[in-house]
Amino acid sequence: MSEAAFASKEEVSVSETTSENTVEQPQHSVIGEGKFSARDVHVFYGDNEAIKGVDLEVESHKVTALIGPSGCGKSTFLRCLNRMNDTIDGCRVTGDILLDGDNIYDPKVDVVQLRARVGMVFQKPNPFPKSIFENVVYGPKIHGLATRQDELEHVAEVSLKRAGLWDEVSDRLDTPGTSLSGGQQQRLCIARAIAVSPEVILMDEPCSALDPIATARIEELIDELREKFSIVIVTHSMQQAARVSQKTAFFHLGELVEKGETEQIFTNPREDRTRDYITGRFG
Ligand code: ADP
């Protein structure tokens, strides 16, 4: 995507209050140029403004890395993209976040459906206390995407293959997901996320609990997955961002300081704060 597609755009908004958070609703639905289009997003935890007016486009079939020092708001922003912040007491989001042009904070949006379209993989692998098979088919079952046993078996096989885990587990699908190694558990969680055919996968430091070999495997997988999905990844590792992403957004103190092609951010940043961070002067 060109840098222009990352640029902010003006939008008129009116405010609407829900029990959990206050959101700004667009008066006009504007088709974003990216998969996601975030406009003037602010996030507050009580009085603490953790995200301060962020504009960001997320392009389809690319990996977008969110980088920056700890506490700068990367995870908070990521959680805005599938409304996971709704579950945090006292968290308030304002601004517009459009997914394929529709505001995901519109009160009419079914949050369960949204989270099926925008899946999430967390820092620590968190398989359900169920078999490998049941972990993968859980989503398709509750969303009614597959019901017959042969359909469930098909979705389990396809998802596990896509997550690069099938060959390691195909002969033990009935064993607990928790019996796998950390790296395998994380790939199981990725299989679980993709089993409901999401459009976007959010990853919050997905390798931080893994050893270097398991990390390399997940990084390869991320590159394969972008053929089918759009991916947004939070990482504290600049090397990882450089390896896996095509787009990078650098956050600092709740602001989005710079965004662009990953190669440009790492070789020729425009902002001093970005240069200082990537050269290790702070962080
Ligand atoms: P990062 O992912 O870059 O480390 P976070 O998004 O976790 O940053 O945090 C950004 C800011 O928001 C920090 O000041 C942090 O203390 C605050 N914060 C994050 N989560 C919560 C929460 N659940 N409740 C209150 N404050 C939070």
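Here the structure is shown first, and the text comes after it.
Residues numbered from 1 in each chain as written. Predicted model: local features only at pLDDT ≥ 70, side-chain atom pairs only at ≥ 80, totals over all residues.

Let's shift gears to helix α7 (residues 182-194). An α-helix turns once per 3.6 residues; consequently, residues spaced three or four apart project the same way. Across its 13 residues, α7 extends 18 Å between first and last C-alpha, which sits within 8% of the 18 Å expected from 1.5 Å per residue. Most of α7 is tucked away: 12 of the 13 residues are buried. Taken as a whole, α7 has its buried residues at Gly-183, Gln-184, Gln-185, Gln-186, Arg-187, Leu-188, Cys-189, Ile-190, Ala-191, Arg-192, Ala-193 and Ile-194. Summarising the contacts, the buried residues of α7 are in contact with β8 (118-121), α4 (132-142), α5 (149-162), α6 (166-169), β9 (200-204) and α8 (212-225). (Helix = DSSP H or I, 4+ residues; strand = E, 2+ residues; numbered from the N terminus. Expected span 1.5 Å × (residues − 1). Buried ≥ 20, exposed ≤ 12 C-beta atoms within 10 Å, placed from the backbone. Contact = placed C-beta atoms within 7 Å.)

This part covers unusual backbone geometry. Its identity as a non-glycine residue notwithstanding, Asp-100 has a phi of 50 degrees, on the positive side. Along the chain, Asp-100 falls in the loop between β6 (91-99) and β7 (102-103). Of note in the backbone geometry, Leu-253 takes a positive phi value of approximately 50 degrees without being a glycine.

Taken together, the neighbourhood of the ligand is formed by Tyr-45, Ala-50, Gly-68, Ser-70, Gly-71, Cys-72, Gly-73, Lys-74, Ser-75, Thr-76 and Ile-88. For the shell around the ligand, the element with the most residues is helix α2 (residues 74-80), which contributes 3 residues. Among the residues forming the shell around the ligand, the class breakdown is 4 nonpolar, 6 polar and 1 charged. (Near = placed C-beta within 6 Å. Nonpolar A, V, L, I, M, F, W, Y, C, P; charged D, E, K, R; others polar.)

This brings us to the sheet that holds strand β10 (residues 230-234). The mixed open sheet is built from 6 strands, whose spatial order is β8-β9-β10-β5-β11-β12. Both edges of this open sheet fall to β8 and β12 (255-261), since each of them pairs with a single strand only. Strand after strand, the sheet turns through a mean of 15 degrees between neighbouring axes, direction not considered. Note that β9 and β10 share 5 bridges and pair parallel. Counted as the bridge partner of Leu-202 is Val-232 from β10. Relative to the sheet, α7 contacts β8 and β9, its axis offset from that of β8 by approximately 170 degrees. (Pairing = 2+ DSSP bridges. Axes fitted to C-alpha atoms, helices over the stretch in contact; angles between N-to-C directions.)

So yeah, pure geometry; function would need other evidence.
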